[in-house]
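So you can see what is in the structure, the chains are spelled out below.
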Amino acid sequence: MEPSKTPAHTLHRSLRLLGGGSPDELAIRQAAWVARCVGRGEAAPFSATDLTALAAGLRTVTVERGAVVFRGGAVPSGVWIVQRGRIELSVGSGRKRAVVHLIGPGDVDGDIQHLLAMPLPYTGHALEESTVLFLDGESFERLLASRHAIARRWLSSVAMRLAASQERIIGILGRTLTQQVARLIADEAVDGAVPLPRRTLAAMLGVQRPSLNKVLKDFERKELIAVHYGAIGLRDPEQLAILAE
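Throughout what follows, the structure given in this document is the object of discussion. Chains are numbered independently. Their residues run from 1 in the order of the written sequence. Local features in this predicted model are restricted to residues whose pLDDT is 70 or higher, and side-chain atom pairs enter the listing and the counts only when it is 80 or higher, whereas totals over whole chains, interfaces and linings include all residues. Processing note: side-chain calculations cover all non-hydrogen atoms of the structure and skip hydrogens and water entirely.

### Some remarks on a nonpolar patch on the surface
On the surface, a cluster of nonpolar side chains totalling about 240 Å² of accessible area is made up of Leu 115, Leu 116 and Leu 155. Inspection of the secondary structure assignment puts Leu 115 in helix H4 (residues 111-116). Residue exposure (1.4 Å probe, protein chains only): buried if accessible area is under 20% of the type maximum, exposed if over 50%, otherwise partly exposed. By relative accessible area, Leu 115 is classed as partly exposed at 35%. Two distance rules govern patches: like charges are joined within 9 Å, and nonpolar side chains (Val, Leu, Ile, Met, Phe, Trp, Tyr) within 5 Å, applied only to residues with over 30% relative accessible area and no salt bridge. Each accessible area value is a Shrake-Rupley result obtained with a 1.4 Å probe; residue values ignore everything except the protein chains displayed when judging cover. Salt-bridge detection follows one rule: a side-chain nitrogen of Lys or Arg within 4 Å of a carboxyl oxygen of Asp or Glu. Per the convention used, a helix needs a DSSP run of H or I reaching at least four residues, while a strand needs a run of E reaching at least two, with both numbered from the N terminus.

Below, the structure is given as structure tokens:
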């Protein structure tokens, strides 16, 4: 496969069209959008009951708080399914480190990257003691080939996640910054909050932090959100949804 045709290069080029930015910002944006393809809720291939049944056939790994679950930069060796706890996905290191997503029980990571032979753009750290089910690449391929019902369900979840990611990208094109910020906050909210720092949100939108902060302050004055360190709380989700239209 030619370098210009790799999935990672195609994604990188597509995200550049959404606003350019420095190499660090592009890396954050790429990692953040890929992270949104993690299985969540109805888009996850397995329910809690399924996970319990599958646990017997998968390798169960307990990771301590702060431990690395998987590292970015290489094609994943298999698929991870979070059974208990929370995993923080981040890109960069030191002062340039940025959190791009959090995943929890039922969330799946590595499947899309494995199928596309695409390196993981982020590293996963356990925010607390967590239990992760791991399915190695060979077993994953065998599962999809031999269990047609599981293959259909899993690939349907992949399609749903990719469609949602595409919808998010299309949804911010041709809109004002106020609309884009409102849409992004509404899309990324989990349990009434967006657990991402402003640096990541600015990179995802392809704007400078001062421009983002101006919109956030306006939202805060209108009591639509509450800005915290490393997170944004939603106070009026319905009005935010209206602004995003």
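Don't stop here, the text continues.
### Topic: the nonpolar core
By nonpolar core we mean a set of buried residues, namely Ala, Val, Leu, Ile, Met, Phe, Trp, Tyr and Cys, connected to one another through side-chain atoms within 4.5 Å. Grouped together as the largest cluster of nonpolar side chains are 23 residues, with contacts concentrated most on Val 181, Ile 185, Leu 201, Leu 212, Phe 219, Ile 225 and Leu 240. If you list the elements that add at least two residues to this core, you get strand S5 (98-103), helix H7 (177-188), helix H8 (198-205), helix H9 (209-221), strand S11 (231-234) and helix H10 (237-244). Leu 212 has contacts with Val 181, Arg 198, Leu 201, Ala 202, Leu 205 and Val 207, leaving out every residue within four places of it along the chain. Only heavy atoms matter for contacts: two residues are in contact if any of them lie within 4.5 Å across the pair.

### Looking at the packing of helix H6 (residues 148-172) against H7
Between H6 and H7, the least distance of the axes is 9 Å, while the angle of their chain directions is 160°. Classified by the angle their axes make, H6 and H7 are roughly antiparallel. In terms of crossing hand, the pair formed by H6 and H7 is right-handed. Contacts between H6 and H7 involve Glu 167, Arg 168, Gly 171 and Ile 172 from the first element and Gln 180, Arg 183, Asp 187 and Glu 188 from the second. The axes are straight lines fitted to the C-alpha atoms, using for helices just the contacting stretch, and the angles between their N-to-C directions are given from 0 to 180°. Our angle categories are set so that under 35 degrees counts as roughly parallel, over 145 as roughly antiparallel, 65 to 115 as roughly perpendicular, and the remainder as oblique. Handedness of each helix crossing follows the sense of rotation of the near helix against the far helix: counterclockwise by less than a right angle gives left-handed, clockwise gives right-handed.

### Re the environment of Leu 234
For Leu 234, the location among the structural elements is in strand S11. Given a relative accessible area of 18%, Leu 234 falls into the buried group. As for Leu 234 and Val 190, which are separated by 44 residues in sequence, their C-alpha atoms are 9.7 Å apart. Residues contacting Leu 234, with those up to four places away along its chain left out, are Ile 185, Ala 189, Gly 192, Ala 193, Val 194, Leu 224 and Leu 240.

### Comments concerning the environment of His 228
Checked against the element boundaries, His 228 lands in strand S10 (residues 225-228). Taking the C-alpha atoms as reference points, His 228 and Pro 195, separated by 33 residues in sequence, lie 9.5 Å from one another.

### Notes on the side chain of Gln 179
Residue position: Gln 179 is located in helix H7. Throughout this description, a polar contact denotes any pair of N or O atoms lying within 3.5 Å of each other; where both atoms belong to protein, one of them has to be capable of donating a hydrogen while the other can accept it, and for residues adjacent in sequence the pair is counted only when both atoms sit in side chains. Here the side chain of Gln 179 touches Glu 245 through a polar contact of 2.6 Å, landing on its backbone oxygen. If near-sequence neighbours (up to four positions away) are discounted, Gln 179 is found in contact with Leu 243, Ala 244 and Glu 245.

### Considering the packing of aromatic side chains
Where two aromatic rings form a pair, the distance of their centres and the angle of their planes describe that pair. Side-chain rings of Phe, Tyr and Trp (the six-membered ring for Trp) are treated as a pair once their centres are within 6.5 Å; stacked means planes under 30 degrees apart, edge-to-face means over 60, and tilted covers the remaining angles. Using the criterion set out here, one finds 4 aromatic pairs in the structure. Aromatic pair Phe 70 and Trp 80: ring centres 4.6 Å apart, planes at 40°, arrangement tilted. Here the residue Phe 70 occupies a position in strand S2 (residues 68-70), and Trp 80 occupies one in strand S3 (residues 78-84), the gap between them amounting to 10 residues. Here Phe 70 and Trp 80 have matching classes, each one buried. Taking 4.9 Å as the distance between ring centres and 55° as the angle between the ring planes, the aromatic pair formed by Phe 140 and Trp 154 counts as tilted. Placement of the pair is Phe 140 in helix H5 (residues 137-146) and Trp 154 in helix H6, with a sequence separation of 14 residues. Accessibility expressed as a relative area gives 0% for Phe 140, which makes it buried. Among the aromatic residues, those joined into a cluster by ring pairs are Phe 70, Trp 80, Tyr 122 and Phe 134.

### Observations concerning H9
Expected span of a helix, by definition, is 1.5 Å for each gap between consecutive residues, and there is one gap fewer than residues. Between the first and last C-alpha of H9 there are 18 Å, a value that for 13 residues agrees with the 18 Å anticipated at 1.5 Å per step. Turning to H9, its buried residues number three or more, namely Leu 212, Asn 213, Val 215, Leu 216 and Phe 219. Down the axis of H9, the buried set is contained in an arc of 165°. They therefore lie on one face. Those residues of H9 that are exposed and aimed more than 90 degrees away from the buried face are Pro 210, Lys 214, Lys 217 and Arg 221. Check the buried side of H9 and you find it contacts H7, H8, S10, S11 and H10. This arc describes the spread of directions from the helix axis toward the C-beta atoms.

### With respect to the sheet that holds S5
Strand pairing is assigned whenever DSSP identifies at least 2 bridges connecting the two strands. Taken together, the 4 strands give an open sheet; going across it, the order is S2-S7-S4-S5, and neighbouring strands pair in antiparallel fashion. On the outer flanks of this sheet lie S2 and S5, each paired with one strand and no other. Taken over all neighbouring pairs, the strand axes of this sheet differ in orientation by 35° on average, direction set aside. Sheet topology places strand S4 (residues 87-91) next to strand S7 (residues 123-126); 4 bridges connect them, and they run antiparallel. Bridging across to S7, Glu 88 finds its partner in His 125.

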